[in-house]
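In case you want the letters, here they are:
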Amino acid sequence: SAKRYPDKVALIMEDKSLTFRQLNQQANQLARGLLSSGIAIGDRVAILAFNCLEYPVVNYAVAKCGGILVPVNFRYKKEELVYVVNNSNPKVLFYGREFSSMVDEARNQFNSPVRLVAISGEPLPPGLSLKSLADGQSASEPGIEVDPKSPSFIMYTSGTTGFPKGTLFSHESYLNVFMGMTLEGDLKHDDRVLVCLPLFHNGGLNAMLQPTLMVGGTCLIVGKGFDPDKILDAVARDKVTLTMWVPTQLAMLIHHPRV
């Protein structure tokens, strides 16, 4: 899509946006930063953050390294974060500013050293941030050859009946999912897709965001929470054509006085 629609807006969140060219360049710079810091094919990279524009950048950067992304549920408490980090053994953990205190408390319980990278805000010591990792790096493709059958994600189950279980998905399997969502969902490159499911979840990241970007559509990302007034305003203002809501969200809208 960066080749087909370089100047088209790919991502919108509140008053910020990224074109496909900008998204691809930022992903390339971050990928090169990760590679220069020692990340190699097959290494795990975790991310704990609310929905944000940086989330897709991290996602594509890790993929371009041949790494494995570990999205972490932002509803986890410290003990759950420790469990998932020790279970998946990531070399890097990207974290949003809202989770600095929890990450700081948890890091002494990690079994192996984990490089902590702040997505935004003041980073924890030794002070590594997404910006510092990407700054000065080339925006050209990193050139890593990625095996389509190799793992791309460890997605954790909800853990309602026990500890969450990490499930491996390959690049190939997800590309097939994206194609299926595109065909069966009649997704077109001129669609404007509202993404109000969490990006740590398959629903937000891999059923909504990535298929949309694959066909050159525009994603409107909603942050933490589901506010019916804000959702209705966004649908009208941004001319949303497609979305995915779970029954609870749909019920909130159906019974809203502004429906």
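Predicted model, so just to flag it, every value in this text is computed and none were measured.

A. Spotlight on the layout of surface pockets. Empty space within the largest pocket amounts to approximately 990 Å³. Around the largest pocket sit 27 residues that line it, and Asn24, Tyr60, Lys64, Leu175 and Gln210 are the ones nearest its centre. Looking at the lining of the largest pocket, the elements that each hand over two or more residues are helix H1 (20–36), helix H2 (54–65), strand S7 (151–156), helix H6 (171–184) and helix H7 (202–214). Split by residue class, the lining of the largest pocket holds 17 nonpolar, seven polar and three charged. One number sums up the size of the second largest pocket: a volume of about 640 Å³. As for the second largest pocket, its lining consists of 24 residues, and the residues nearest its centre are Lys16, Cys52, Leu53, Glu54 and Ser120.

B. Representation of the pairing of strand S10 (residues 218–221). Where burial is concerned, the two faces of S10 agree: the one with Thr218 and Leu220 and the one with Cys219 and Ile221 are both buried. The sheet contact formed by strand S1 (residues 9–13) and S10 spans two bridges and is parallel. Looking at S10, one finds that Ile12 is bridged to Leu220. Sheet topology places strand S9 (residues 192–195) next to S10; four bridges connect them, and they run parallel. Paired with Arg192 across the bridge in S10 is Thr218.

C. Here's a closer look at the packing of aromatic side chains. What the rule picks out here adds up to seven aromatic pairs. Consider the rings of Phe50 and Phe74, whose centres lie 4.9 Å apart with planes at 65 degrees: the pair is edge-to-face. One end of the pair, Phe50, is in the loop between strand S3 (44–48) and H2; the other, Phe74, is in the loop between strand S4 (68–71) and helix H3 (78–88), and 24 residues separate them in sequence. In this structure, Phe50 and Phe74 share a single accessibility class: buried.

D. Expanded view of the nonpolar core. Among the nonpolar cores identified, the biggest contains 70 residues, and Leu11, Leu30, Leu34, Leu48, Phe94 and Val103 are the most heavily contacted of them. Broken down by element, this core gets its largest block of residues, six residues, from H2. When residues no more than four places from it in sequence are discounted, the contact partners of Val103 are Leu48, Leu81, Leu93, Tyr95, Leu116 and Leu124. Leu194, Leu220, Phe226 and Leu232 belong to the second largest nonpolar core, which has eleven residues in total.

E. Geometry of the pattern of salt bridges. Inspection of every chain in the model, using the stated rule, returns nine salt bridges. Arg21 serves as the salt-bridge partner of Asp7, at 2.2 Å between the closest nitrogen and oxygen. Taken together, the positions of Asp7 in the segment before S1 and Arg21 in helix H1 put the pair 14 residues apart, joining distant regions of the chain. The partner of Lys91 in a salt bridge is Asp43, and the shortest N-O contact between them spans 3.4 Å. With Lys91 in the loop between H3 and strand S5 (92–95) and Asp43 in the loop between H1 and S3, this residue pair connects regions lying 48 residues apart in the sequence. Classification of Asp43 as buried rests on a relative accessible area of 13%. Because the salt bridges share partners, they merge into one network encompassing Asp229, Asp233 and Arg258.

F. Highlighting the sheet that holds S1. What the five strands build is an open sheet, ordered S2-S1-S10-S9-S11; its pairing is mixed. Unpaired on one side and paired on the other, strand S2 (16–19) and strand S11 (242–243) mark the two borders of the sheet.

Definitions and limits used
- For every chain, the first residue of the written sequence is number 1, and numbering continues from 1 along that sequence.
- Totals for whole chains, interfaces and linings use every residue, but because this is a predicted model, local features are given only for residues with pLDDT of at least 70 and side-chain atom pairs only at 80 or more, for both listing and counting.
- Derived side-chain values reflect all non-hydrogen atoms in the structure, with water molecules and hydrogen atoms excluded from consideration.
- Points on a 1 Å grid, built from protein atoms alone, make a cavity when a 1.4 Å probe fits but cannot get out and make a pocket when they are open with protein on both sides within 12 Å along at least 5 of 7 lines; residues with an atom within 4 Å of a point are the lining residues.
- Grid points are joined across faces, edges and corners, and a volume is the space filled by probe spheres set on the points.
- Runs of E in the DSSP output that reach at least two residues are strands. Runs of H or I that reach at least four are helices, and both are numbered from the N terminus.
- Polar here means any residue outside two lists: the nonpolar Ala, Val, Leu, Ile, Met, Phe, Trp, Tyr, Cys and Pro, and the charged Asp, Glu, Lys and Arg; Gly therefore counts as polar.
- For every residue, the accessible area (1.4 Å probe, protein chains only) is compared with the maximum for its type, and the residue is labelled buried under 20%, exposed over 50%, or partly exposed between those bounds.
- Should DSSP find at least two bridges between two strands, the strands are regarded as paired.
- Here is the rule: rings of Phe, Tyr and Trp (six-membered ring for Trp) pair when centre to centre is within 6.5 Å. Planes less than 30 degrees apart are stacked, more than 60 are edge-to-face, and the remainder are tilted.
- Put simply, a nonpolar core is a bunch of buried Ala, Val, Leu, Ile, Met, Phe, Trp, Tyr and Cys residues held in one set by side-chain atoms that sit within 4.5 Å of each other.
- What makes two residues a contact is simply this: any of their non-hydrogen atoms within 4.5 Å.
- A side-chain nitrogen of Lys or Arg and a carboxyl oxygen of Asp or Glu constitute a salt bridge if their distance falls within 4 Å.

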